[in-house]
Each structure stands twice: as C-alpha cells, then as structure tokens.
Amino acid sequence: MLLLEMSVAASLFILVVIGFRTLLLHKVPKMTFILLWGVALWRLLVPVSVHSQFSIYTIVNDLGRMFTVQESIPLAQSSPLSNGGTVNIPPLTDSMITPTVPLEPIASTSPFVLAWLIGFTLCALSFIIPHFRGRTNYKMSLPIENDFIQKWQKSNPLWRKVQIRRSDQILTPLTYGILRPVILLPKPIDYTDEEQLGLILTHEYIHIKRFDTLKKALLAAGLCVHWFNPVVWLMYFLANRDIELSCDEAVIRTYGEGMKPAYARALVHLEERKSGLSPIVSHFSKNSIEERIISIMKTKKISKLAMLLAVAIVSGTVAVFATSALDKTEAAPSPEEPVAQIAPALYQGEASAALMPIDLNFHKSDVPQLIGQLIASKYKAVYMDNEMILRVTNDNSIMVSKDHGAAWEKYDTDNVDAKDFADWLLRNDPIPGYSMKEMQSRLANGAEVKHIRFGNGKEMYVVIDKNGVQIELVQSEKIASILIDGQRMMITSESLPMRISEQMLKSFFDLLASSSILTSTEAEQNYSSKIQYFKEHDEIFTLTN
C-alpha cells in the first residue's frame, strides 16, 4: 500500500474511534480505546491489508455495483469475417484505450517525496532531541533513601528491574526506559505523605507493566511518518491522554472507589506542570487535569454490559473500518457453485498479423478459481503447444519439457529493457488479450522483462513484478497453444474459425493436475466446462480430436 492510501484508510478508522470516544468515554473500560488506538497504529505503520466481507469498503463497492449499469459485451452468434479472415473486435473496456508509452525513469527525487522527508526529519528531531536532552538530565538524578519507598518496592516486584530516583530537574513524576525503567520523582514533593507516594508509585508501576513508554514511542513514530495528516495529530494527543486515563482507572481499581477523592486531590496538588524534557516519557500529570479528575470521579465497577459493549465496539469497529475491501473478482467459488463463464473477447493483432494467431481469452474474472489455485501453487504460469510444455516457477525460473513432461530443462533468458518492450507492444500488439493500460503501468514502474528464443521464429517475453507473471507469445506460424498466467487463460487457434483440440485441452488440464495446481476432479470439471462452452458456440469454435 502507498503511504497516502495507508494514511487515508487509517484516518477513517481514527475518526470513528474519536466518535465512540466522545460518546462512551465514561461508559466502557478505558482499555477499549487503547486497543483501538493500537489498531490505528497498525494501519498507519504496517503496509498490510486484511480483506473482509464486513469491511465498509466492501459494502461501498457492493452498493456501487448495485447502482452502476454494467456494460456487457455480447459474444457474436456468428463470426463476422473481413479482410481475409480477421476477426472484427467487439468494443472492449480498458484494453481498447489508446496506450501511452511509459515515461523515462525520473532521475531525481520527486518533490513530494522530498517534502515528506523534510517533514519526517523535522518531526522526528522534535521528539528525539528533547528526549536525549532529558536523558542527560535524568543521569543527574540520585537514589532515594526512603523506608516507605523501599518497602513498597519490595512488596511490588516486577520482572524488569525498576529504579526509583529523585531529580531536581523535573516538576512532576515521570517514568522513562523500556527494558530498564526508571521512576523519577521531583525533589519538592512531600516524601512523608505515604498515601500520596503510594498512589504515585502505583500509577508509575502500571505504566511500566503496560509498556506505556513503548506505546508513546510508537505513537510518536506514527505521527512522524504521517506528519502531514491532521487526523493523526489528533489521534496522537487523544491516545496519549487515554493512556493516562486508563492508568488512572487501574489505580482506582487497585485501591477501591473509596480512594477516588484522595487520588483526585493528589492530582490537583501536583497539578500539571510540564517539565519540557521529553514528549515520549510517561508523566504522572502529563495530560488534561480536568478530564482526568472527571474520569476518576466517574469510575465505577465494570459491569457485564459495559464489557460486552466494549467487546462489540472493538470487534465491530476493527471488522468494519480497519479492513480492506474483499476482492470478489478473485474469490474462489464453492465446489457446489459452478464457475460462471463470461464471453471472452476475440482479437487479432493488426500491426503484425503474421505473428498474431487468433486468441481466445478467459480473464481473471472469468476463471477466478483456476487462476487463484495457480497463484497458490509453486508455479506462476504454464504454457503448452504441440512441441513443448513450459512452466514458470515461483523463483521465476523457466522450465521447458519437449517430451510431454517426462524431463524438464531450465532455460536461460535474456533481459529486455522495459521501455523497449513497451514500444514493441505498441507496434506489434495494439489490441492485446489483457489490459494494455495496466501492462504499460507495470512496465513504467520497473517490471522485469525476460526474453526466450525457441528457434523456428517462436519467442516468448515474460513480464515479472510483484503482481506476478504475464507472458507474451511471438509465433512465426499460427500454431495451436494454451497458456495460463496470473492474469488470463489464453487458447490460441491455428486458423478461423477457431479450431480447438479436445486432446490438447485435455492434456493441458492433466498437466495442471500433475503440477498440483488442480485436483484430478477439478481438472476434469474445468475441462468439461470448456468443452461444453465450445459446443454451445459451435458457429465460432470448431472442436477437433
């Protein structure tokens, strides 16, 4: 996912969380919002999408399909021939859009990337410099010799060693450090007030146990990466505030509701006095005192209804707003539901007709189960004709067999400049069996192009990038062949009308079964489905043995 896409997707989720926070802050456990802010951080920092049928984006897409008139491309009942046997092309979608030659690679850094880098650097420095300055001041702190603190620390052990020190460089208590946490207490506080000391230490220990310093550092990282997004700034301040509110709630749960007045008085007594040392440490009174006191006084025993509401909010919000749209064009149908076959488009290249046989194309949406299982296997593409079988493996090796799969040989390939190949496509294959617009985009964005020569004028170009493999065939004679890659299944005929060999089609599906791309049953079903389709359109397709 692109950074801007991640930022926009996370913004919607953040706004929903803010809405729930406004309505339910004092009605559900504060940890509810900590969990939701954690999911928001995941959306901001991790470029991985989880697809769900419950996603708001899936719902929007479904509604769009309902209210959008889909243009269907009817398959002609008879094959209109002209110009010595050229198939008249029905109007296609984006594959008929006049393609553009990809631009030259940009030599210098994009101004948008440069602006982001400057913003990121300034934002990161605004966190890092005060933090390291603070750490320098922290080193000047001294151990505390106080009987109550020592007894309290022994009665509240943690698996991480915690130091409690005193500093005259700070005005409010704080905690820093993740693996070796240190609690710093200001010098001016009353060390004889054991009740107040106990509340402060409990608060800071809860921060340590929950790794709140790490949470704040991750929030700062998310803000630096998405510094240009005002919604992320709002999330940063609210999430930090919720960390404190949740910690306050835990203190009240520890001491009981009878301690609420004393704890509120402790906050008022300490008052919010920012030390100015670092924004990524856990301060006792870092955030809004007014909101914290109101929250403390409204803290009650968690009811079952509140817990159920919290679970519903977290699970529902994540499922609907933190997931991406389900790609229904690639979803495999259940075995009970036959794959609906959409009428494929026929084409013949105009600029170099001698190199372009008559092709029948089934696209990704036509055979989603078949292509999905190919992608899930150890192969990226499979090709077959009367002379050879070719497979592209997951490591992009080209394996060829000329004895019907008994033995395989790895073929060496030549690398081709992507721009030269894009120019070649425009001249030689102006009406391809795939989206020319998408192909040109892949080539412009650095797709690798490999070239193989098999002799007798037969060649193959293999386009490889993160979206998978796509194959372009060049044949000096119009030979019959079958191909499947990550985008389409293509059947090439020798002449018009299209002559489909039942034997070659059967051998191809047997090959898919032997390559563990399909089970034997699935291969038989796919083969039967194709044969039935050809028989139903016998005016255009001629089945041979």
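All values reported here derive from a predicted model rather than from experimental measurement. (Residues numbered from 1 in each chain as written. Predicted model: local features only at pLDDT ≥ 70, side-chain atom pairs only at ≥ 80, totals over all residues. Heavy atoms only, no water.)

Chemist: What is the right way to look at empty space enclosed by the protein in this model?
Modeler: Sizing a probe to match a water molecule and rolling it over the atoms shows the empty space that remains. Under the criterion given, the structure shown has 3 cavities of 30 Å³ or more. Looking at the second largest cavity, its volume works out to about 50 Å³. Considering the residues around the second largest cavity, the lining is formed by A480, S481, I482, I491, T492, R499, I500, S501 and M504. Every element with two or more residues in the lining of the second largest cavity is listed here: β20 (481–484), β21 (488–493) and β22 (498–501). Here the element with the most residues in the lining of the second largest cavity is β22; it accounts for 3 residues. Among the residues making up the lining of the second largest cavity, the classes are represented as 5 nonpolar, 3 polar and 1 charged. (1 Å grid on protein atoms, 1.4 Å probe; cavity = no way out; pocket = protein on both sides within 12 Å on 5 of 7 lines; lining within 4 Å. Points joined across faces, edges and corners; volume = space filled by probe spheres on them. Helix = DSSP H or I, 4+ residues; strand = E, 2+ residues; numbered from the N terminus. Nonpolar A, V, L, I, M, F, W, Y, C, P; charged D, E, K, R; others polar.)

Chemist: What am I meant to see in the packing of aromatic side chains here?
Modeler: For any two aromatic rings, the description comes down to two numbers: the centre-to-centre distance and the angle of the planes. For the structure shown, the criterion picks out 10 aromatic pairs. Taking the centre distance of 5.4 Å and the plane angle of 75 degrees together, the rings of Y236 and F237 count as edge-to-face. Under the relative-accessibility criterion, Y236 is labelled buried at 7%. Three or more aromatic residues link up through ring pairs in this structure, and these residues are F127, Y236 and F237. R166 extends its terminal NZ or CZ atom over the ring of Y191, reaching a point 6.0 Å from the ring centre. (Phe/Tyr/Trp six-rings, centres within 6.5 Å; stacked < 30°, edge-to-face > 60°. Buried < 20%, exposed > 50% of the residue type's maximum accessible area, 1.4 Å probe, protein only. Lys NZ or Arg CZ within 6 Å of the ring centre and 35° of its normal.)

Chemist: Hey, could you run me through a negative patch on the surface in this one?
Modeler: There is a patch of like negative charges on the surface, built from D190, D193, E194 and E195. Assignment of secondary structure puts D193 in the loop between β7 (182–186) and α6 (194–209). Look at D193 and you get partly exposed, because its relative accessible area is 30%. (Patch = residues over 30% accessible without salt bridge, like charges linked within 9 Å, V, L, I, M, F, W, Y side chains within 5 Å. Areas by Shrake-Rupley, 256 points an atom, 1.4 Å probe, with all protein chains shown as cover. Salt bridge = Lys/Arg side-chain N within 4 Å of Asp/Glu carboxyl O. Lys, Arg positive; Asp, Glu negative; His and termini not counted. Charge placed at Lys NZ, Arg CZ, Asp CG, Glu CD.)

Chemist: Help me out: how do you make sense of the sheet that holds strand β16 (residues 414–416) in this one?
Modeler: By way of backbone hydrogen bonds, the strands of a sheet pair with one another, either parallel or antiparallel. One open sheet accounts for 4 strands, arranged β16-β17-β18-β19; its pairing is antiparallel. One side of each edge strand has no neighbouring strand; the edge strands of this open sheet are β16 and β19 (468–474). Going across the sheet, the axis of each strand differs from the next one's by a mean of 30 degrees, ignoring polarity. Direction of pairing for strand β17 (residues 448–455) relative to strand β18 (residues 458–465): antiparallel, over a ladder of 7 bridges. When the sheet's bridge partners are listed, E448 is paired in β18 with I464. Contacts from helix α13 (residues 418–428) reach β16, β17, β18 and β19, with the element oriented near 50 degrees to β19. (Pairing = 2+ DSSP bridges. Axes fitted to C-alpha atoms, helices over the stretch in contact; angles between N-to-C directions. Contact = heavy atoms within 4.5 Å.)

Chemist: Would you mind going over the packing of helix α2 (residues 31–45) against helix α11 (residues 304–321) with me for this structure?
Modeler: Between two packed helices, the angle of one axis relative to the other and the distance separating the axes together describe the packing. Axis separation between α2 and α11 bottoms out at 10 Å; the angle between their running directions is 10 degrees. On the basis of the axis angle, α2 is roughly parallel to α11. Of α11, the residues touching α2 (which contributes T32, L36 and V39) are A310, I313, V314, T317 and V318. Taken together, the residues that form the contact of α2 with α11 break down as 6 nonpolar, 2 polar and no charged. (Parallel < 35°, antiparallel > 145°, perpendicular 65-115°, else oblique.)

Chemist: Can you help me understand the packing of α6 against helix α9 (residues 260–270) in this one?
Modeler: At a minimum axis separation of 10 Å, α6 and α9 run at an interaxial angle of 90 degrees. With respect to each other, α6 and α9 are oriented roughly perpendicular. Of the residues in α9, those in contact with E195, Q196, L199, I200 and H203 of α6 are A262, Y263, A266, H269 and L270. Residues of the contact of α6 with α9, tallied by class, amount to 6 nonpolar, 3 polar and 1 charged.

Just distances and angles here, no functional claims.
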